[in-house]
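Spelled out from the first residue to the last, the chains are:
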Amino acid sequence: MRHRLVLLVSAGWLVGMTPAARAQLLSSDARRTGMAGVSLSRDGALGRFNPAYQAVPAREGRAAKFTIPIPLGLFQVLKDSTAFDFDSSYFNPIQLANYIFHPPLYLEVKKSPTFTNDVEFTIGRDSLLVDLGKASQLVPTDRFGFGGTSRLADIGVTIKGFHVGALIWEEHDLGFQLGDTLLRFLREKDPARTNTVYNSAGDGVAQAGIAPTIGYAGRVWGDSLRGIYLGASLHYYLGGGYGGVDGIAGFRTGDTLFAGSNPVSPTVDVLVSYSKFGNTLGHGFGSDLGIVYVTGPIEVGFGINDIGATLTWPDTRVDRDTFDTVQNKFVSTQVANHVSSKTKLPVTYVANAILDMGTNTTAGLMILNNGRGTTIQIGVEQRVGPLALRGGVQRDQRKRVQLGWGTGVRFGPFGLDVGFATHSGSLSPARGITMATSISIY
Amino acid sequence: MLRTGARMSVTRLTWLAVAAGVMILGCGEGRAIFNVDVLSYEPQLADTVPYAVPGGTSITQVRDSFGLDLPGGLGNSTVDSVSLLYASTVLNAAGGGKVRLEMFFDSTPGNVFSSTVMRADSAVFTGPDTVMLGPISVPLLADSLFTQSKLWVGVRASVVANAGPVMTGRFVTVSVLRLRIIFQDKVF
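Cut-offs used in this document
- Throughout, residues of each chain are indexed from 1 in the direction in which the sequence is written.
- The naming scheme follows written order: chains are lettered A onward, ligands numbered 1 onward.
- With the structure being a predicted model, the display of local features is reserved for residues of pLDDT at least 70 and the display and counting of side-chain atom pairs for 80 or more, all residues being used for whole-chain, interface and lining totals.
- For the side-chain quantities, the full set of heavy atoms in the structure was used; hydrogens and water were omitted.
- Put simply, DSSP marks the helices as runs of H or I at least four residues long and the strands as runs of E at least two long, and each gets a number from the N terminus on.
- Relative accessibility under 20% of the residue-type maximum defines a buried residue, over 50% an exposed one, and the middle range a partly exposed one, all with a 1.4 Å probe and only protein chains included.
- Note on definitions: a residue-residue contact is assigned when non-hydrogen atoms from the two residues lie within 4.5 Å.
- Under the convention used here, a 1.4 Å probe and the Shrake-Rupley method define accessible areas, while residue burial counts only the protein chains that appear.
- Surface patches are defined over residues having more than 30% relative accessible area and no salt bridge, joining like charges when they lie within 9 Å and nonpolar side chains (Val, Leu, Ile, Met, Phe, Trp, Tyr) when within 5 Å.
- Only one rule defines a salt bridge in this text: a Lys or Arg side-chain nitrogen within 4 Å of an Asp or Glu carboxyl oxygen.
- Residues grouped as a nonpolar core are buried Ala, Val, Leu, Ile, Met, Phe, Trp, Tyr and Cys residues, joined through side-chain atoms within 4.5 Å.
- DSSP-based pairing: two strands are paired if at least 2 bridges between them are found.
- Ring geometry is summarised as follows: Phe, Tyr and Trp rings, the Trp one being its six-membered ring, pair when their centres sit within 6.5 Å, and such pairs are stacked at plane angles under 30 degrees, edge-to-face over 60 and tilted between the two.
- As a reminder, the over-ring test applies to NZ of lysine and CZ of arginine, requiring each to be within 6 Å of the ring centre and within 35 degrees of the ring normal.
- Between N or O atoms, a polar contact is any pair within 3.5 Å; within protein, one atom must be a potential hydrogen donor and the other a potential acceptor, and residues adjacent in sequence are included only when both atoms are from side chains.

Asker: What's the story with the overall build of chain A in this structure? I'm lost.
Answerer: Within chain A, the regular secondary structure consists of eight helices and 20 strands. The buried share of chain A, taken over its 442 residues, is 44%. Counting contacts in chain A only where the partners sit at least 6 residues apart, residues at least 24 apart contribute 64% of the total. Counting only carbon and sulfur atoms, one obtains 63% of the accessible surface of chain A, whose full area is about 21,200 Å².

Asker: How should I be thinking about the overall build of chain B in this particular structure?
Answerer: The helix and strand inventory of chain B stands at two helices and 10 strands. Along chain B, helices and strands appear, N-terminal first, in the series β-α-β-α-β-β-β-β-β-β-β-β. Burial analysis of chain B (188 residues in total) assigns 49% to the buried set. Pairs at least 24 residues apart make up 83% of the contacts formed inside chain B by residues separated by at least 6 positions. For chain B, the accessible area works out to roughly 7,700 Å², and carbon and sulfur atoms hold 53% of it.

Asker: Any chance you could explain a nonpolar patch on the surface here in plain terms?
Answerer: All names here are of chain A. Taken together, the side chains of V157, I159, V164, I214, L234, Y236 and F285 make up a nonpolar region of the molecular surface, amounting to roughly 670 Å² of accessible area. Those elements that provide at least two residues to the nonpolar patch are β5 (144-159) and β8 (226-253). Mapping F285 onto the fold places it in strand β10 (residues 282-295).

Asker: Teacher, can you tell me more about the nonpolar core here?
Answerer: Generally speaking, soluble globular proteins have nonpolar side chains that are buried together. Residues F66 and L177 of chain B are the most contacted members of the largest nonpolar core, which totals 62 residues. Within the second largest apolar cluster, 16 residues are counted, among which are M35, A45, Y229 and I354 of chain A.

Asker: Where do I start with the pattern of salt bridges in this structure?
Answerer: Two side chains bearing opposite charge may form a pair once their charged atoms approach each other closely. Here the structure, examined in full by the defined rule, presents 17 salt bridges over all chains. A salt bridge links D131 of chain A to K189 of chain A; its shortest N-O distance comes to 4.0 Å. Of this pair, D131 of chain A sits in strand β4 (residues 127-131) while K189 of chain A sits in the loop between α8 (180-187) and β7 (197-222); the two residues are 58 residues apart in sequence, bridging distant segments of the chain. Taking relative accessible area as the criterion, D131 of chain A reaches 29% and is therefore assigned partly exposed. Notably, a salt bridge pairs R156 of chain B with E102 of chain B, separated by 3.1 Å at the nearest N-O pair. Residue R156 of chain B is located in strand β9 (residues 150-161), and its partner E102 of chain B is located in strand β6 (residues 97-106); the two are separated by 54 residues in the primary sequence. It is possible to trace a salt-bridge network through shared partners that takes in E381, R383, R390 and D417 of chain A.

Asker: When you look at the pairing of strand β5 (residues 79-94) of chain B in this model, what are you seeing that I'm missing?
Answerer: Within a regular strand, side chains alternate between the sheet's two faces. All names here are of chain B. For β5 and strand β10 (residues 167-183), the ladder comprises 13 bridges, and the chain directions are antiparallel. Looking at β10, one finds that L91 is bridged to R170. Taken together, the nine bridges between β5 and strand β8 (residues 129-139) define a ladder with antiparallel strand orientation. Residue pairing for β8: L85 is matched across the bridge by S137.

Asker: Where do I start with the packing of aromatic side chains in this structure?
Answerer: All told, the structure shown has 12 aromatic pairs over all chains when counted by the stated rule. Aromatic pair F121 of chain A and F34 of chain B: ring centres 5.1 Å apart, planes at 15 degrees, arrangement stacked. With one member in each of two chains, F121 of chain A in strand β3 (residues 119-124) and F34 of chain B in strand β2 (residues 32-37) form a pair that bridges those chains. Given a relative accessible area of 4%, F34 of chain B falls into the buried group. These aromatic residues form a ring-pair network of at least three members: F121 of chain A together with F34 and F183 of chain B. In this structure, R410 of chain A packs its charged tip against the face of Y442 of chain A, placed 3.7 Å from the ring centre.

Asker: I tried to follow unusual backbone geometry on my own but got confused; where do I start?
Answerer: What is expected of a backbone is that most residues other than glycine have negative phi and most peptide bonds are trans. Note the cis peptide between G134 of chain B and P135 of chain B, where omega equals 5 degrees. The residue P135 of chain B is located in strand β8 in this model.

Asker: Looking at this structure, how should I read the side chain of D106 of chain B?
Answerer: Residues and elements named next belong to chain B. With respect to the secondary-structure elements, D106 resides in strand β6. Using a relative accessible area of 16% as the deciding quantity, one classes D106 as buried. A polar contact of 3.1 Å, which involves the side chain of D106, links it to the backbone nitrogen of T108. Excluding anything up to four places from it in sequence, D106 contacts N111, V112, S115, L145, L151 and W152.

Asker: What is the right way to look at the pairing of strand β19 (residues 414-424) of chain A in this model?
Answerer: Residue and element names in this part refer to chain A. Within β19, eight of the 11 residues are buried, which leaves it mostly tucked inside the rest of the structure. Judged from the eight bridges that link them, strand β18 (residues 401-411) and β19 form a sheet pairing that is antiparallel. Along β19, the bridge assignment pairs R410 with G415. Hairpin connection of β18 to β19: two residues between the antiparallel strands, including G412 at a positive phi of 60 degrees.

Given below as C-alpha cells:
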C-alpha cells in the first residue's frame, strides 16, 4: 500500500511537471500549428473565449467548415513497447500515463534531447542524502499541477443574435506544494533528519454539469466594414457532481532513519468533500463578455469567461482521511454530511488582433490567460495561389520562446496542411520538433 | 578474530528505489547510484587490532575478518556496476616502518586468507602518525564470487619495522565500508 501510494504521488508529480508547452502550441489544425497557435479565423480560443466572435462574419474563404487531424504520431506511439508491452520487464506505467494525459497526436520528427542525469543516494543507518543533479532544478518551489475547463457541448438555437441553449461543462484542477523540509531535501541536497516530517500539500477538484445559457452577440455599432461587436452570455451552472481534496501527505522519520522494518511512518491528513451524482444539484451564475472592433483589414478583440462563476453545492459530504500508524491502514471519518460548500471556476482572458495586410498576407496576435499562466502568440500567413506559407512565434506558459512554421495547399473545398512546431524539455534549452498534419473542408 | 554481521537489507531501500526510478524517468536519461554506508549498520566492525614489531623485524599476522550479506540481485541486468569501497586506519604510536594492508575475499570463512582474490595498499611511517590506507575500490561484479549472497572479507596488515625502537600501534579494521550500486537508466 505504502509503495503504491509513493508511486501514485510520484506519477502525479511527473504528469503535473510535464511541460504544457507542446499542448499550447499544437492544435488539431495544422494551419494553427504552423503559426505557433494563432488563429486567423473564428476557431480555437477566439470563438471559445470571446462571445462577440459569434457575430463577427467570417472572412471570405478563411474558415474551414471542419478540420480533421491526421494522427501520424499515434503510429509512433503504438510502437513504444515500454508503454504497451505490459508483460515485459521494461514496461513503464508512467510512460503510459503520460500518453493518456498528453496524447501524442502528431509525429515527433525531432525529439527534444534529454541529457544524462545521474541521481545519487548516500545512505547510512542514520543518514540519507539525495543528489538529483540537474534534475533538482525540476523540483518546484511554488505550487504546481495541471487542470483545465472544458465546454464539451453547446446545444441551443440562435435567432438574430440571441442564443438560448445549454452547455455541458467540466472543470478539473490538481495542485501540489512541497513542504519546506521536503523541498530542501530534494532541491538543496539537505540531509534527511530524524523525527522530521517530510510532506507535500495537495489540493484538487473535479466538477461537471450542465449550464442553461442565454446570450447575445451582435454588431452594436457601424457596418460590416467598420463596426463594434459585443457578446455576452449568462450561464446558470447546474453541477451534477463534484469531488475535492485538500490536505497534506508525506512521512515522518523515526529516531533512526533506517532501523526496523518501518523506517518511516506515513502522515496523511486530507479533507475529502464531494457531492455525488443524484444529490441536490450545485448551482451558481457565471457570465462571459466579449468585444470585437473591426475596421477594414484590422480587427481587435477581448473576451473574458466565467466571471463570478461560483457554484454552491447544498448537499455535500465531508470526510477526513488519515493514516493510522497503529493499525497501518487508512482511516476515513465523516466530518459532516448534507452541508453546503462552494467551488469556483477559473476566469479566462483572451485578447487578439488580426491584420489583413493585402497582398494575400494576414498576421495575427493572441494573448491567452486561462488562470494557469499567460501565452503570447504571433503568426502570419502568406497565400500564393493554392499554396499557403505560414510562420509564427510563441512565448509559452513557462516563458520560453517556441517557433512554428508550415505550408498548405488547397484544391477547391479541400485543403491539406502541414505545420511544424518546436517544444522544449524541462531542463534542456534544446528544442524538439513536432509535425502536425490535417485536412480541412471549406 | 572472526565475526559475522553487516547484514544489508535491500527491503529498506525499496521506497528509495521507487523514488529514484521515478525521478530518473522524469528527468531524461540517467543512472540511479546508491552509496550505502555499511559500516553505519555494523559499527562494531570498526574494531582496533594492536601490533608491536621489534625494530628490524616484520610480522604478517595482524588480521581480522568478517562476513557480509550482500543484497540479492546484484547480477541482475538492471545493475550496471557494484563496488565495495574499503579503508582502514593505522594509528602508529612509536617507531617507523611500512604497513601494508591486504583485503581478501572468499565465500567461506576458513579459506579467506588463502584466497587469490585480494586488493592491497600500503603506507610508510617515520614516527607517530595516523594514516588511512585506501580507500580501496573493489569491483564486485568482476568475479562470480561477489554474486553470491554471502561474502567473507579478510583484512591483514603486514608490518615491517625499521631498525631501531619497537614499532607499536593499532589499526582500525574498518574505517570506511561502502557499497556503491549503480543501476542502469531503465530501472522499471
